[in-house]
Each structure stands twice: as structure tokens, then as C-alpha cells.
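Below are the chains, spelled out letter by letter.
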Amino acid sequence: MPPIEIRPFRRSDRDQLTALVNAHIDAVLPGVSVSPNAVLGQLERSPDEPIVGPWIVARETLVALRDGVLAAAVHLVRYGDDNRVGADMRGTGELTWLLFRPQEGAVADALCAAGLATLRRLGVTSIHADGGLPAPATYGVPARWPHVAAALDRAGFRPGERIEAVLVADLADLPGATGRPDLALRFELGDNAPRFSAVHGDRVVGHYEVQSDLTAGGTLSRLDGWADTWSLYVEPDFRRRGVATWLVGHAADRLRFGGARRLLDYAVIAPESDVEPGLLPFLTAIGFRELTRTTRGWTLGR
């Protein structure tokens, strides 16, 4: 077997690394890919993490090569120790992602060991793992990446309890807006994206936040036509009264008008949540289908 070379990432590796990133994205999101610039951007900063990103004090990416071909890569971050960092992440290290072709398990094991050694040299208090790539819906360890889950297991990581379903709908299949005499629609910018609110009298009884442009100003061009859900919530005493369907219908009409074709959404499977009970069957009933399920909270030595 040819020897394995493990070393820090170089910019000359960017095309091979991008191909590896896109292979993992495509396993979750059909037809979606990102550019080398998007990959390099994630290695240098956290553009999609305005809260957690500034907590990072060190970043390093290691690659493993066999016969000069990039066979595996791992991106590492170390969070700061000061009080501005969230208590559960203070002083911790993370494998932000571990990527490799399924046939390169031995290479991945060697690279993962090198990554863990690097984090330990940085003096971390604990080590976690995730799968967050520079594309939506590619976080945690999706079921489409069983080779990654197996490698983390071999390295001593154990999955957390949180499991989420990742879903997608063709907007053509979703219901449209309907009139309801008991509800008024309020549309405004929400906390993270445009928000559709259902107002009953003077009370907001539900809201739906959805982002219609995932291209990051055109830099992620293969995400043109995709939209992403931030939150869907209905007050408990208004659930099972068609409010959520009504909100989704109004949002779907606006998304279709703007040229979007597909909409992502997410539902917590475990542990059961009292915030969104019944969300998964609701989404599948109105036209969503599952892309994958993803496991969060991988921790070393649990």
C-alpha cells in the first residue's frame, strides 16, 4: 500500500478538496455544489456563523494524500476560553468536518488521529465533531455519510441524542395562499429572514421565517432556486387549526413569485420536542419528503 502523507492544507489542494466537499454535499442535496472560493472561505472564517464564528481562536485544516492524491481532509477549530464564549463551548475543540471517500477508511483513521493530536496540543478541554459544510442541510453527520459515522466511532466519538430530519419540497407541490376571515397576514423582516405572521385579533398566533436566496450574493450559484426554512411556530392553542398550512401557503406563493423551486425544512426526531410536536408528519402531509436524517452532538469519549 502506498504511504500516506498527512500535512496542513495548501491552497494548491483547493480543487481536490472542493471535489471531496462536493461529493459529500451531493449525497445530501442533489445537484448542489460549491466553488473553491466557498470552501476556502470556510477554512479561513465562519461567514454563516455570526455568533459562534467570533468565538473561534484557532483554525487548522489537515489533508491526507496517497500517491499525491488528496484522499481525506479534516477541518479543526479551537474555541476561546474567555467569558464571551458560550459556556458549553468554552475551551473546546471541534472536528468541523471529516471527509473522505468510503474506500479510504484507513487514511481517514490516520488523519483523524492526527487531528485529535493537533487539538490536544492546543489545550482543549473536550473535543466534539460535526459535519458542517458550506452548504445548507449538510450539518451533523447525515445518514448518507455512514463512512464518516463509522470513522468517528472508531476514533472514540459517540453520537449525541439529537436527531433531525432534513426535508425538501418542490414548491409546485406545496399549497397556495388562501383567505381566512379569522386571520390577518403580517409580512416583515424577522430575526433571520422574511417572516410571515398569522394575526388573530391583536395577537400573533404563529409565524414562518423562510430565506429565499441561498446563493450568498451569487457566490453559491448552484443554490439558485433553493429556499431554506428558519422557523415555523404556532401557539399551542391554535395548533391543528390549519394555521401552519395557511402560513406555508402564503410563503410558498411569494417564493414561487421570486423564482424559487425547492424549499428545505427540518424537524427534530429525538429527543421529542414540546415546541414542534407533530412537525414531521405535518411537513410530509403538505408535500415535503425526507432527504436524510442527521445526528448531532458527537463527543469524544462519551
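Report on the accompanying structure.

Quick look at the sheet that holds strand β9 (residues 184–189)
Strand order across the open sheet formed by eight strands is β6-β14-β8-β13-β12-β11-β10-β9, with mixed pairing between neighbours. Strands with a single pairing partner mark the edges of an open sheet, and in this sheet they are β6 (141–142) and β9. Sheet analysis places strand β12 (residues 226–234) next to strand β13 (residues 262–270), joined by three bridges and oriented parallel. Across the sheet, aspartate 228 pairs through a bridge with leucine 264, a residue of β13.

Quick notes on the pattern of salt bridges
This structure, assessed with the given rule, holds 19 salt bridges. One salt bridge in this structure joins arginine 84 and aspartate 82, with 3.0 Å as the shortest N-O distance. Overall, aspartate 82 belongs to the partly exposed group, its relative accessible area being 33%. The salt bridge partner of aspartate 191 is arginine 195, with a shortest N-O separation of 3.6 Å. Within the structure, one salt-bridge network assembled from shared partners comprises Asp130, Arg162, Glu164 and Arg296.

Focus: the packing of aromatic side chains
Applying the stated rule across the entire model yields two aromatic pairs. Summarising the aromatic geometry, the rings of phenylalanine 187 and phenylalanine 196 are spaced 4.7 Å apart at their centres and angled 45° between planes, so their arrangement reads as tilted. Accessibility expressed as a relative area gives 39% for phenylalanine 187, which makes it partly exposed. Given a relative accessible area of 4%, phenylalanine 196 falls into the buried group.

Scoring rules and cut-offs
- Residues numbered from 1 in each chain as written.
- Predicted model: local features only at pLDDT ≥ 70, side-chain atom pairs only at ≥ 80, totals over all residues.
- Heavy atoms only, no water.
- Pairing = 2+ DSSP bridges.
- Helix = DSSP H or I, 4+ residues; strand = E, 2+ residues; numbered from the N terminus.
- Salt bridge = Lys/Arg side-chain N within 4 Å of Asp/Glu carboxyl O.
- Buried < 20%, exposed > 50% of the residue type's maximum accessible area, 1.4 Å probe, protein only.
- Phe/Tyr/Trp six-rings, centres within 6.5 Å; stacked < 30°, edge-to-face > 60°.

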